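Coordinates in review
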Amino acid sequence: MANMAPSHHAKVVIVGTGFSGLGQAIQLLKAGIDDFVVLEKADDVGGTWRDNSYPGCACDIQSHMYSFSYEQHPGWTRSFSSQPEILAYLRRVADKYRLRDHIRFGQEMTGARWDEDARTWTVTTRAGDTFTARFLVSGVGALHLPSIPELPGIERFTGTTFHSATWNHDYDLRGKRVAVIGTGASAVQFVPRIAPEVRELHLFQRTPPWVMPKPDHAMPAWVRSTFRAVPAAQRAYRALLYGLLEVRAVGFNNHTRLMKAAELIARRHIRKQIRDPELRRRVTPDYTMGCKRALISNDYYPALDRPDVHVVTDGVREVRENGIVDQAGVERPVDAIIYGTGFHVTDAFDHLDITGTGGHSLSKQWAEEGMRTHLGITVAGFPNLFFLLGPNTGLGHNSVVFMIEAQSRYVVQAIRAAEQRGAAAVEVRPEVQETFNRDIQRQLREGVWTTGGCTSWYLDAQGVNRTIWPGFTWRYWLRTRRFRTDEFTLTRQD
């Protein structure tokens, strides 16, 4: 008889230990639900803040806002904290709530199938284990699958290559000739750090980002002491930050003319930090700010202005054994290629082999119809399945941790509603999901992501924005504050 894969059962299976997975686990504990397991592919918690350890990695939202409201940390050393400090915060949170007792490390989910008779999810992992649960919560997010372009001839390259999300810390960049592909958020952070070390840096830019000054500063010792002694003071500071960030939603949505004022600041930033008029021209975007992700940095432009840094706008024609040839025919000798090309976002869930009612594949359904959910959390045809930071709940103006908190509380309400009504399964009604998607796409059509004159990773292959939540986050909080049973079909156990 063949050996059976080890099987484990819990009421809830959570996937991932980033902000989403840990936040969901905490909310379950707060609700008195402790029958859950958290599956983590790696050997530690942290999600994207564990994986991304490139030089200069930091958050572009103030840490006092980019943290759980119920787990405020008075000791942030800077307004915009670095990756090590954020990772340490997540580890402390996991330890405080003893979440490691529920986490199964080295368990990467490879698939999940809904059993219509048993009304349970069966989750399989790469380690060969099987987990069954009534409820399945995906906290994998969208920023975990590196996007690596297929450069012609890359297989011939004899040097070193790696993506910013899988930084090769064993490779010594000092004195090397380095090509950086892409000018996204990670490149804007690591290029200034490696530019002084390398012999020569070639930055291949397809579309320049808008880069605003970064209002970063060290948190004074007296402020940290005050926050520690008077938690209400930190809550007030957080509320102020929330309000200031939330105002930015106005410009991103129906009043894109307001973005012109921000562009004036960004243009002044370029003029102030770059001396070469031609380089200024090449790094100045020709689309409305916000159409692509707006970035913040105080040292990116000075790094580009160095004599040993070259901004290449001609694109890559081919990669040879020891260099890259651009579209103008210029060959540039390089020892290493670093991809700063971001992540798979609109197709981030394609690799998930999730099968719902009637044997329907979620990845196939979304590939054909586009990613459609209700509130970015539930999907018609997939009972008892919940997404955190799912489609159309990403943000361009505020902290996604705010969204995660709203979603994780909503999931707990859904589980409670099912239990109180003796239901084995809860599934969003198709017409409710359709109405939500119709409304949100109508709002997005008026936003800068659609009208700003660019093509961004916010859009899927059909040019539809499946990433951003349009408008204020407090509106999303209101929509998710109460789980409405009339929007769902609740099926009793036979």
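The following refers to the structure shown. (Residues numbered from 1 in each chain as written. Predicted model: local features only at pLDDT ≥ 70, side-chain atom pairs only at ≥ 80, totals over all residues. Heavy atoms only, no water.)

This paragraph deals with the layout of surface pockets. Quantified by volume, the second largest pocket comes out at close to 290 Å³. Forming the boundary of the second largest pocket are 17 residues, of which Gly56, Ala58, Arg193, Lys214 and Asp299 lie nearest the centre. When residues of the lining of the second largest pocket are assigned to their parent elements, the largest contribution, four residues, is made by helix 4 (residues 185-194). Here the residues of the lining of the second largest pocket are counted per class, giving seven nonpolar, six polar and four charged. (1 Å grid on protein atoms, 1.4 Å probe; cavity = no way out; pocket = protein on both sides within 12 Å on 5 of 7 lines; lining within 4 Å. Points joined across faces, edges and corners; volume = space filled by probe spheres on them. Helix = DSSP H or I, 4+ residues; strand = E, 2+ residues; numbered from the N terminus. Nonpolar A, V, L, I, M, F, W, Y, C, P; charged D, E, K, R; others polar.)

Let's shift gears to the packing of helix 1 (residues 19-30) against helix 3 (residues 83-96). Axis separation between helix 1 and helix 3 bottoms out at 11 Å; the angle between their running directions is 25°. Here helix 1 is positioned roughly parallel relative to helix 3, judged by the angle of their axes. Crossing geometry of helix 1 relative to helix 3 is assigned as left-handed. Touching Phe19, Leu22 and Ile26 of helix 1 are Ile86, Tyr89, Leu90, Val93 and Ala94, all from helix 3. A per-class count over the contact of helix 1 with helix 3 returns eight nonpolar, no polar and no charged. (Axes fitted to C-alpha atoms, helices over the stretch in contact; angles between N-to-C directions. Parallel < 35°, antiparallel > 145°, perpendicular 65-115°, else oblique. Left-handed = near helix turned anticlockwise from the far one by under 90°. Contact = heavy atoms within 4.5 Å.)

Taking 1.5 Å of rise per residue, 16 residues should cover 22 Å, and helix 6 (residues 231-246) covers 22 Å from first to last C-alpha, within 8% of that figure. Of all the residues in helix 6, the buried ones are Gln234, Arg238, Leu241, Tyr242, Leu245 and Glu246. Looking straight down helix 6, one finds its buried side chains confined to an arc of 125°; they lie on one side. Projecting away from the buried face of helix 6 at angles above 90 degrees are the exposed residues Leu240 and Leu244. Each element contacted by the buried residues of helix 6 is listed here: helix 5 (221-229), helix 7 (249-252), helix 12 (400-420) and helix 15 (473-480). (Expected span 1.5 Å × (residues − 1). Buried < 20%, exposed > 50% of the residue type's maximum accessible area, 1.4 Å probe, protein only. Arc of directions from axis to C-beta.)

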